[in-house]
Amino acid sequence: MLRLARIVLDPGPTARWSPTIALLAGLALLAARLWLGWAFLRTGVHRVATWDSQSFLFSMVHPVPFLPAEIAAPVTTAAELALPSLLILGLLARPAAFGLAVMAATIYFVVGQTPEGIENGIALASEQFPWMAVGLAIAAFGAGPLSLDALLRRYVDERPPLASRK
């Protein structure tokens, strides 16, 4: 379990860089996390505020193929609230960033290619490609030293194995 926590909470290679470079990289990763997280969180909050129209939107404007609107709306909304929140905090940032990259790819390559998606201009490469790239970069590099992942990882690394605890 401790091994899994170390993997999931890995803040990335910046932890091994010089302090100045790590701080600069941490600031860049923080900016990337805030930018990507805010784009999706804002959409999730808007979905909650306009919940009555979500069934219509997911069936007529941007349907998710093979997924009924009654399922797609709450699942997508939950993801658009949870994943960006985790990413902004830098908690479980790698899986959260990867999840948002997958969502952006789904918007572009799946939803945007449906007749409704084409008609309504859902697939905007100028939006989804940068989201995919930043999400994959954070998934690869981690959240950086300015994250809860880095803080928790230090705590996990300091804990002795269960066998040596008394």
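Residues numbered from 1 in each chain as written. Predicted model: local features only at pLDDT ≥ 70, side-chain atom pairs only at ≥ 80, totals over all residues. Heavy atoms only, no water.

Engineer: Explain the overall build of the protein to me, and be specific about the residues and the numbers.
Structural biologist: Check the secondary structure of the protein and you find eight helices and zero strands. Secondary structure elements in the protein, listed N-terminal to C-terminal, are α-α-α-α-α-α-α-α. Along the longest, intermediate and shortest principal axes, the C-alpha atoms of the protein span 60 × 35 × 25 Å. Taking all 166 residues of the protein together, 39% fall into the buried category. (Helix = DSSP H or I, 4+ residues; strand = E, 2+ residues; numbered from the N terminus. Buried < 20%, exposed > 50% of the residue type's maximum accessible area, 1.4 Å probe, protein only.)

Engineer: I'd like a rundown of the nonpolar core, residues and numbers included.
Structural biologist: Counting residues in hydrophobic clusters, the biggest one holds 28 residues, and the most contacted among them are Leu-36, Phe-40, Phe-58, Leu-87, Leu-100, Trp-131 and Ile-138. Contributions of two or more residues to this core are made by helix H2 (19-49), helix H3 (54-61), helix H4 (69-89), helix H5 (93-109) and helix H7 (125-141). With eight residues, the top contributor of residues to this core is H5. Once you skip the residues sitting within four places of it in the chain, Leu-100 turns out to touch Leu-36, Phe-40, Leu-83, Pro-84 and Leu-87. (Core = buried A, V, L, I, M, F, W, Y, C linked by side-chain atoms within 4.5 Å. Contact = heavy atoms within 4.5 Å.)

Engineer: Tell me what's going on with the packing of H5 against H7, and back it up with residues and numbers.
Structural biologist: Look at H5 against H7: their axes get within 8 Å of each other, and the N-to-C directions meet at 155°. In terms of orientation, H5 and H7 fall into the roughly antiparallel class. The hand of the H5/H7 crossing is left-handed. Residues Ala-93, Arg-94, Ala-97, Phe-98, Ala-101, Ala-104, Ala-105, Ile-107, Tyr-108 and Phe-109 of H5 lie in contact with H7, whose contacting residues are Ala-125, Gln-128, Phe-129, Trp-131, Met-132, Gly-135, Leu-136, Ile-138, Ala-139, Ala-140 and Phe-141. Broken down by class, the residue content of the contact of H5 with H7 amounts to 18 nonpolar, two polar and one charged. (Axes fitted to C-alpha atoms, helices over the stretch in contact; angles between N-to-C directions. Parallel < 35°, antiparallel > 145°, perpendicular 65-115°, else oblique. Left-handed = near helix turned anticlockwise from the far one by under 90°. Nonpolar A, V, L, I, M, F, W, Y, C, P; charged D, E, K, R; others polar.)

Engineer: Account for the side chain of Arg-94, naming residues and giving values.
Structural biologist: Tracing the chain through its elements places Arg-94 in helix H5. A polar atom in the side chain of Arg-94 sits 3.4 Å from the backbone oxygen of Ala-140. Not counting residues up to four positions away in its chain, the partners in contact with Arg-94 are Asp-10, Pro-11, Gly-12, Pro-13, Ile-138, Ala-139, Ala-140, Phe-141, Gly-142 and Asp-149. (Polar contact = N/O pair within 3.5 Å; in protein donor to acceptor, adjacent residues only side chain to side chain.)

Engineer: How would you explain helix H8 (residues 148-158) if you had to name every residue and give the values?
Structural biologist: Turning to H8, its buried residues number three or more, namely Asp-149, Ala-150, Arg-153 and Val-156. For H8, the buried positions fall inside an angular range of 120° around the axis, keeping them on one side. Structurally, H8 contributes buried residues whose contacts are with helix H1 (2-8) and H5. (Arc of directions from axis to C-beta.)

Engineer: Give a description of the side chain of Arg-33 that names residues and reports values.
Structural biologist: The residue Arg-33 is located in helix H2 in this model. Within the local environment of Arg-33, its side chain forms a polar contact with the backbone oxygen of Leu-87, the two atoms lying 2.9 Å apart. Once residues within four sequence positions are removed from consideration, Arg-33 is found in contact with Leu-87, Ile-88, Leu-89, Gly-90, Ile-138, Ala-143, Leu-146 and Ser-147.

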